[in-house]
Amino acid sequence: MKPAWFGGLFRGSRPFWLGLFAITWALSTWSFQLYKALDARWIIRFPASLTVPVDQWISAFMAWLVEDATFGLFTFRDLTRFVSAVIEAPYDLVRALLIDGFALGQGQQAVEVAPSLSWIAVIAIIAALAWYAKNRALAMLAAVCFAYLAVFGQWASAMVTLASVLIAVPIGVAGGLALGIVSYRHPWFERMLRPLLDLMQTVPVFAYLVPILFLFGFGPVSALVATVIYAMPPMVRVSTVALHSVPEDVIEAGRMMGCKRRQLLWKVLVPTAMPSLMVGVNQVIMLSLNMVIIASMIGAGGLGYDVLTALRRLDIGGGIEAGLAIVVMAIALDRVSQAFAVRKVRARPDPALPFHQRHPLFASVAALTAATTALGVFIPGFRLYPEQLTITTGPFWTETMEWINVNFFDTLEAIKTALLTWLLLPVKRFFTGIPWAWGIIAIALAAGRTGGWKLALMAALMTLFIAANGLWAKAMITVYLITVSVLIASAIGIPLGIWAGQNARANTVIGAMIDTLQTLPSFVYLIPVVMLFRVGDFSAMIAVVLYALAPAVRYAAHGIRSIEPEVIEAGRVSGCTERQLLMRIKLPLAAPSLLLGLNQTIMLAISMLVITALVGTRDLGQEVYIALTKANTGQGIVAGLSVAFIAIISDRILTALARASQQRLGVGQ
Amino acid sequence: MQRPVKLDCRGVWKIYGPDPRRFLDRHGGAPSESDFEGSGMIGAVRDADVRIHEGEIFVIMGLSGSGKSTLVRCLSRLIEPTAGAINFEGRDLLGISPRELIDLRRKKMGMVFQHFALLPHLTVLENAAFPLEVQGVARRTREDRAREMIDLVGLSGREDYYPRQLSGGQQQRVGIARSLVAEPDLWFLDEPFSALDPLIRREMQDEFMRLQSMLRKTIVFITHDFDEAIRLADRIAVMKDGAIVQTATPEQLVLNPATDYVQEFTRHIPRAKVTRLSTIMSPGVPEGDYAGEVAGTLIVADAVRTLDADPRPFRVLDDSGAPVGTVDVAAAIDVMLGREAR
Ligand SMILES: Nc1ncnc2c1ncn2[C@@H]1O[C@H](COP(=O)(O)OP(=O)(O)OP(=O)(O)O)[C@@H](O)[C@H]1O
Ligand SMILES: [Mg+2]
């Protein structure tokens, strides 16, 4: 029941796809009977004697690494200790500055020598940054966001989270820029790095939480290492692209003026690429925030930890409060860093003026900071927002949720049951029924058809890896959850995107909505969903849909908008109705964009799926989560790789399809 | 009376494609058009010979894709030629070390780009001072120099603007100021005015001529606009498909085109705009009654008003100021009407 425009993608090969689907469906439906009839248990289960204990090998290797590995002068353990120290020192410093205060001595005997910054000072600093980056309105927004944290009693946790972000972001940016520069200069390095980056972005975060936990132990350092690893790849990509997109003649101008290599890089390339680089910085900030929250599981503390404990206790109010605090902080950091990306350079002030007149903003904030922090030593209300003045919305949320559950329980339950019976369960039955052997063949066929024999071979090997590690059943549950979520996300997102692409007003509203959805750390989606639908596949699916909606909308809108207006006018003068215009002209031309959007939706769904293991799915995400709680490195990495492989296979197939349809339409990459 | 050669380039090839060197060797160092066909190689510059004399404006002209930019980038060694020899002030430009090359560019070469190539994060003043900054010149000195240059190109008062606050013509003025700030001897301009609209272009051409009359640089100027070439050039090299088909003065190009291709280009050019009085004069200066004296280098179109002011003939002077022939308004009008001289 594919729509006509989609069928165009498979022009000429429709019998192939229909046949492939029919065979898969038949085998999936009757695999159990087949096994009984032939008495061949291997049909539904990968033979135990053939499973490869990759997870045990990895665990053994990690154990060797930590216990015995040595590089001559120093051991591996020395190395991890060194990294810990290097990260921990600045982290402690920032934390002391923001919330803990500077102390000398240990434990009970510790004497505070200098106070932490006053909460007023912190708000003033962020507002001043916003003002510097853009204008008074943004300063107001930032101040209100941070004031919210204080007034609603989330200050201490929020500052711990902020400290992690403040450490992770510079490391991620500097590391990403450095790697980006090397990639820019040496194409071979980029070729080497690219598959690694692909893998890093598709391996679910939990998967590397496990080895990191093993190497660095429970605590903020592990969380920071994981955060940096997670947030750096986009910066590498953005830097490489940004440097490559510096106009050739600007570089030539630099060379003609006799710049040396160094000068060319720091005086010409990097400054010219700065606006794009700032987009990368914004991404690093957002990803760091997202990850710092997830990493609260391995000891980052802060707001993420509050959400996590609230989720575990099913404390609805507490969860929503901490979740909102994350949202508010994310919005403030996002808007301010984005403003820096597009900041207009202003005229330099007259150097004859005294310093405080040249930099009035800086001077007044510095004065305010010093004053309030000093006052904080004597008056506690200046240091921390007075507790008796905090407002808590916890009970309100709890009551609201109860009210919804009491009044709408039947409606919600009916929706849930309907979707479960008519969509989720049939799809689940279909995927989990597929015999592993045929699964490998079918994926290889599909990959070969779209991307050639190399892709087929790669897909077959990756699928075999999953099966041979005894993860076939869980992988199929993963695929089922992704399929359902992506179907629903597309069904909602693509029409929204088409609407936004055709209508300017719809575009502003939907755009703002999608922007906000994208700013939220993935964790936050879980809260309301679990409150309403309790744990299980259904909740997981809803959370994934919310999280993965954005690219479906964005790419559809982009695809529609980037159609040449003349083509549409041509359709109009040929007498197309609006409907025909959409179906016959716009959608077919937007197909490559829609496919890329689909691809992104799947990628986001996969990355989110792992987080939903927290709400009790029985997929690969759960496998990784279990590995995390048991600190079983091998199990975690193998399950993580399996998720990454699923992501890579679907990415390659869809990219190949998108490329083919682009070529067919004769439009550029 | 020829001025010394500043830049001498012989047999320069630039071929794009896999292993261009081998391709060149396989075809005896001079692959023909048919060798290129189907080989997947692109001959962007083919066997180019160029000799540029001190103080002249040398224009390289050709249609889009004919290899002008590639050739000028070979001359400035922004790209390495596949084969050939280039001498700059008697030194082998292709043989010098990267260090020497950087030094040469800092002291002796300037370049102006088609799309300006200004640094977006620097002000007009900082952009103009940039070449000195990379040389490590102190801020005060370099900004004073840059201010002079900005004054020269007529942008005073806009020193603190950023490039995007300027119009295209103004941006290119900054580009020119920047290329001149280090006082280069050899000045490359790659289609400097092509991105500007016609009125501004004309204004910038006048500006350019004014600057050159003061500075007397050696200039390599690229354009695809034949009118522009004629207005500015001392000599023009016409390029087609990577090869130079003719190098000559504007007048020679119009009057004696070497190939049909060149003729096609020059057909629409009124002869009066390129022909010099020394070409149409009757040689020898008999005794008689003359209206006055005119320089032989004058272009007919520019001189015709002077000639028309008096029915008597004028004496024509050569470069050294000696009378070498005579001319009257009738001869000029013949040229203007495209009539064969009587
Ligand atoms: N890096 C490159 N790789 C392959 N081919 C190139 C490259 N650079 C230039 N060419 C080819 O060399 C030929 C000459 O290009 P060039 O840029 O020198 O032309 P041009 O005369 O400056 O044209 P325009 O007036 O459009 O600037 C063109 O056919 C172009 O496609
Ligand atoms: Mg060019």
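Residues numbered from 1 in each chain as written. Chains lettered and ligands numbered in written order. Predicted model: local features only at pLDDT ≥ 70, side-chain atom pairs only at ≥ 80, totals over all residues. Heavy atoms only, no water.

1. Considering the overall build of chain B
Within chain B, the regular secondary structure consists of 14 helices and 14 strands. A globule of 342 residues ought to have a C-alpha radius of gyration of about 20 Å, and chain B, at 23 Å, matches this closely. The principal-axis extent of the C-alpha atoms belonging to chain B is close to 65 × 55 × 35 Å. In chain B, which comprises 342 residues, the share counted as buried stands at 51%. In chain B, the proportion of contacts linking residues at least 24 apart, taken out of those at least 6 apart, comes to 65%. A total accessible area of about 15800 Å² is found for chain B, and carbon and sulfur atoms account for 48% of it. (Helix = DSSP H or I, 4+ residues; strand = E, 2+ residues; numbered from the N terminus. Rg over C-alpha atoms; globule rule 2.2 N^0.38 Å. Buried < 20%, exposed > 50% of the residue type's maximum accessible area, 1.4 Å probe, protein only. Contact = heavy atoms within 4.5 Å. Areas by Shrake-Rupley, 256 points an atom, 1.4 Å probe, with all protein chains shown as cover.)

2. What about the site of ligand 1?
All names here are of chain B. For ligand 1, the full set of nearby residues is Tyr16, Ile42, Ala44, Leu63, Ser64, Gly65, Ser66, Gly67, Lys68, Ser69, Thr70 and Glu191. Contact between ligand 1 and Ser69: an oxygen atom at 2.6 Å from a side-chain N or O atom of the residue. In the environment of ligand 1, an oxygen atom lies 2.9 Å from a nitrogen or oxygen atom belonging to the side chain of Glu191. Coverage of ligand 1 by the protein chains reaches 61% of its 640 Å² of free accessible surface. Where the shell around ligand 1 is concerned, the elements lending two or more residues are strand S2 (42-53) and helix H3 (68-75). (Near = heavy atom within 4 Å. Polar contact = N/O pair within 3.5 Å; in protein donor to acceptor, adjacent residues only side chain to side chain.)

3. A closer look at the interface of chain B and chain A
Counting from both sides, the interface comprises 27 residues of chain B and, opposite them, 19 residues of chain A. Each partner contributes to the roughly 2100 Å² buried at the junction of chain B and chain A, and carbon and sulfur atoms together form 60% of this total. Linking chain B to chain A there are 2 salt bridges. As a salt-bridge pair, Lys267(A) and Glu133(B) come within 2.5 Å of each other at their nearest N and O atoms. At the junction of chain B with chain A, the criterion picks out 7 residue pairs in polar contact (both at pLDDT 80 or more). Breaking the side of chain B that touches chain A down by element, the ones donating at least two residues are helix H4 (98-108), strand S6 (109-112) and helix H5 (124-134) of chain B. Taken together, the residues of the side of chain B that touches chain A sort by class into 15 nonpolar, 3 polar and 9 charged. (Buried area = accessible area lost by both parts, 1.4 Å probe. Salt bridge = Lys/Arg side-chain N within 4 Å of Asp/Glu carboxyl O. Nonpolar A, V, L, I, M, F, W, Y, C, P; charged D, E, K, R; others polar.)

4. Some thoughts on the packing of aromatic side chains
Residues and elements named next belong to chain B. Evaluated as defined, the whole model comprises 18 aromatic pairs over all chains. With a centroid separation of 5.3 Å and an interplanar angle of 45 degrees, the aromatic rings of Phe23 and Phe36 are classed as tilted. Placement of Phe23 in helix H1 (residues 20-26) and of Phe36 in helix H2 (residues 33-36) is noted, with a sequence separation of 13 residues between them. Across this residue pair, the class does not change: Phe23 and Phe36 are buried. Among the aromatic side chains, those forming a connected cluster through ring pairs are Trp187, Phe193, Phe208 and Phe221. The ring of Phe36 carries Arg46 above its face, with NZ or CZ at 4.2 Å from the centroid. The side chain of Lys240 reaches across the aromatic face of Tyr261, ending 5.2 Å from its centre. (Phe/Tyr/Trp six-rings, centres within 6.5 Å; stacked < 30°, edge-to-face > 60°. Lys NZ or Arg CZ within 6 Å of the ring centre and 35° of its normal.)

5. As for the domain arrangement of chain B
Residue and element names in this part refer to chain B. The domain architecture assigned to chain B consists of domain 1 (55-73 + 98-270) and domain 2 (272-336). Between the C-alpha centres of domain 1 and domain 2 the distance comes to 33 Å. Between domain 1 and domain 2, the residue contacts involve 7 residues of the former and 6 residues of the latter. Each partner contributes to the roughly 570 Å² buried at the junction of domain 1 and domain 2, and carbon and sulfur atoms together form 61% of this total. (Domains from an automatic or database assignment.)

6. Concerning the environment of Arg235(B)
Residue and element names in this part refer to chain B. Relative to the elements of secondary structure, Arg235 occurs in strand S9 (residues 235-240). Non-local contacts of Arg235, meaning those with residues more than four positions away in its chain, are made with Arg51, Ile52, His53, Glu56, Ile57, Phe58, Val59, Thr247, Ala248 and Thr249. A distance of 2.5 Å separates a polar atom in the side chain of Arg235 from the backbone oxygen of Arg51.

7. Points about the pattern of salt bridges
Oppositely charged side chains are able to pair whenever their charged atoms sit close together. Residues and elements named next belong to chain B. Tallied over the full model, the rule gives 37 salt bridges over all chains. With a shortest N-O distance of 4.0 Å, Glu143 and Arg147 are connected by a salt bridge. On the criterion of helical spacing, the pair formed by Glu143 and Arg147 is a turn pair, its members being 4 residues apart in helix H6 (residues 139-152). When its relative accessible area of 13% is taken as the criterion, Glu143 is described as buried. Given the relative accessible area of 37%, Arg147 is considered partly exposed.

8. Quick notes on the sheet that holds strand S10 (residues 243-248) of chain B
All names here are of chain B. On the basis of which strands lie adjacent, the open sheet formed by 6 strands has the order S6-S7-S8-S3-S9-S10 and mixed pairing. Every other strand in the sheet has two partners, leaving S6 and S10 as the edge strands with one partner each. Taken pair by pair, the neighbouring strands of this sheet meet at an average axis angle of 15 degrees, ignoring direction. Looking at chain direction, S6 and strand S7 (residues 186-190) are connected through 4 bridges and run parallel. Across the sheet, residue Val112 finds its bridge partner in S7, namely Leu189. Its contacts with the sheet put H4 on S6 and S7, and the angle it makes with S6 is roughly 70 degrees. (Pairing = 2+ DSSP bridges. Axes fitted to C-alpha atoms, helices over the stretch in contact; angles between N-to-C directions.)

9. Considering the nonpolar core
Residues Phe146(A), Trp155(A) and Phe188(B) are the most contacted members of the largest nonpolar core, which totals 249 residues. Sort the elements by how many residues they give to this core and helix H12 (residues 261-294) of chain A lands first, with 17 residues. Contact partners of Trp155(A), with chain neighbours within four places excluded, come to Ile99(A), Trp119(A), Val122(A), Ile123(A), Phe146(A), Leu149(A), Ala150(A) and Leu384(A). Within the second largest apolar cluster, 46 residues are counted, among which are Leu118(B), Phe226(B), Ala248(B) and Val274(B). (Core = buried A, V, L, I, M, F, W, Y, C linked by side-chain atoms within 4.5 Å.)

10. Looking at the side chain of Lys217(B)
Within the secondary structure, Lys217(B) is located in the loop between helix H8 (198-215) and strand S8 (218-223). With residues up to four places along the chain from it excluded, the contact list for Lys217(B) reads Gly55(B), Glu56(B), Leu180(B), Glu183(B), Pro184(B), Asp185(B), Trp187(B) and Gln212(B).

11. With respect to the environment of Leu149(A)
All names here are of chain A. Take Leu149: it is sitting in helix H6 (residues 136-151). We classify Leu149 as buried; its relative accessible area is 0%. Ignoring any residue separated from it by four or fewer positions in sequence, one finds Leu149 in contact with Gln154, Trp155, Ala158, Ala325 and Met329.

12. A few points about the packing of helix H4 (residues 76-100) of chain A against helix H7 (residues 155-185) of chain A
Packed helix pairs are specified by the crossing angle of their axes together with the interaxial distance, meaning the distance between the axes. Residue and element names in this part refer to chain A. Put simply, H4 and H7 touch, their axes get as near as 9 Å, and they point 145 degrees apart. As for the relative orientation of H4 and H7, their crossing is right-handed in sense. Mapping the contact onto sequence places Pro90, Tyr91, Val94, Arg95, Leu98 and Ile99 in H4 and Trp155, Ala156, Met159, Val160, Leu162, Ala163, Ser164, Leu166 and Ile167 in H7. Tallied by class, residues from the contact of H4 with H7 come to 13 nonpolar, 1 polar and 1 charged. (Left-handed = near helix turned anticlockwise from the far one by under 90°.)

13. Some thoughts on the state of the cysteines
Within this structure, the stated rule accounts for 0 disulfides over all chains. Summary of cysteine pairing: Cys9(B) is not part of a disulfide, and the nearest cysteine sulfur, belonging to Cys74(B), is at 8.0 Å. (Disulfide = S-S within 2.5 Å.)

14. Notes on the confidence of the model for chain B
Detailed reading of the predicted coordinates is not advisable wherever pLDDT is low. Confidence in the prediction for chain B averages 88 pLDDT; 99% of positions are at 70 or higher. Both scores are available for the predicted complex, with the pTM at 0.77 and the ipTM at 0.79. (pLDDT = per-residue confidence, 0-100.)

15. Focus on the sheet that holds S2(B)
Residue and element names in this part refer to chain B. Strand order in this open sheet of 4 strands is S2-S1-S4-S5, and the pairing throughout is antiparallel. Strand pairing shows two members of the sheet lacking a second neighbour, S2 and strand S5 (91-92), which therefore form its edges. Pairing of strand S1 (residues 5-16) with strand S4 (residues 83-88), which is carried by 5 bridges, proceeds in the antiparallel orientation. The residue bridging Leu7 from the neighbouring strand is Phe88, located in S4.

16. With respect to the packing of helix H14 (residues 316-341) of chain A against helix H22 (residues 522-533) of chain A
Residue and element names in this part refer to chain A. Put simply, H14 and H22 touch, their axes get as near as 9 Å, and they point 150 degrees apart. Judged by the angle between their axes, H14 and H22 are roughly antiparallel. H14 and H22 meet at a crossing whose hand is left-handed. Contacts between H14 and H22 pair Ile316, Gly319, Ile320, Gly323, Ile326 and Val327 from the former with Val524, Ile527 and Met531 from the latter. For the contact of H14 with H22, the per-class residue count stands at 7 nonpolar, 2 polar and no charged. (Parallel < 35°, antiparallel > 145°, perpendicular 65-115°, else oblique.)

17. Some words on unusual backbone geometry
Residue and element names in this part refer to chain B. A positive phi angle, close to 55 degrees, is found at Arg77, a residue other than glycine. Tracing the sequence through the fold places Arg77 in the loop between H3 and S4. On the basis of relative accessible area, Arg77 is assigned to the buried category, the value being 11%. Phi angles above zero are rare outside glycine, and Glu183 is one such case at about 50 degrees. Relative to the helices and strands, Glu183 is located in the loop between helix H7 (168-180) and S7.

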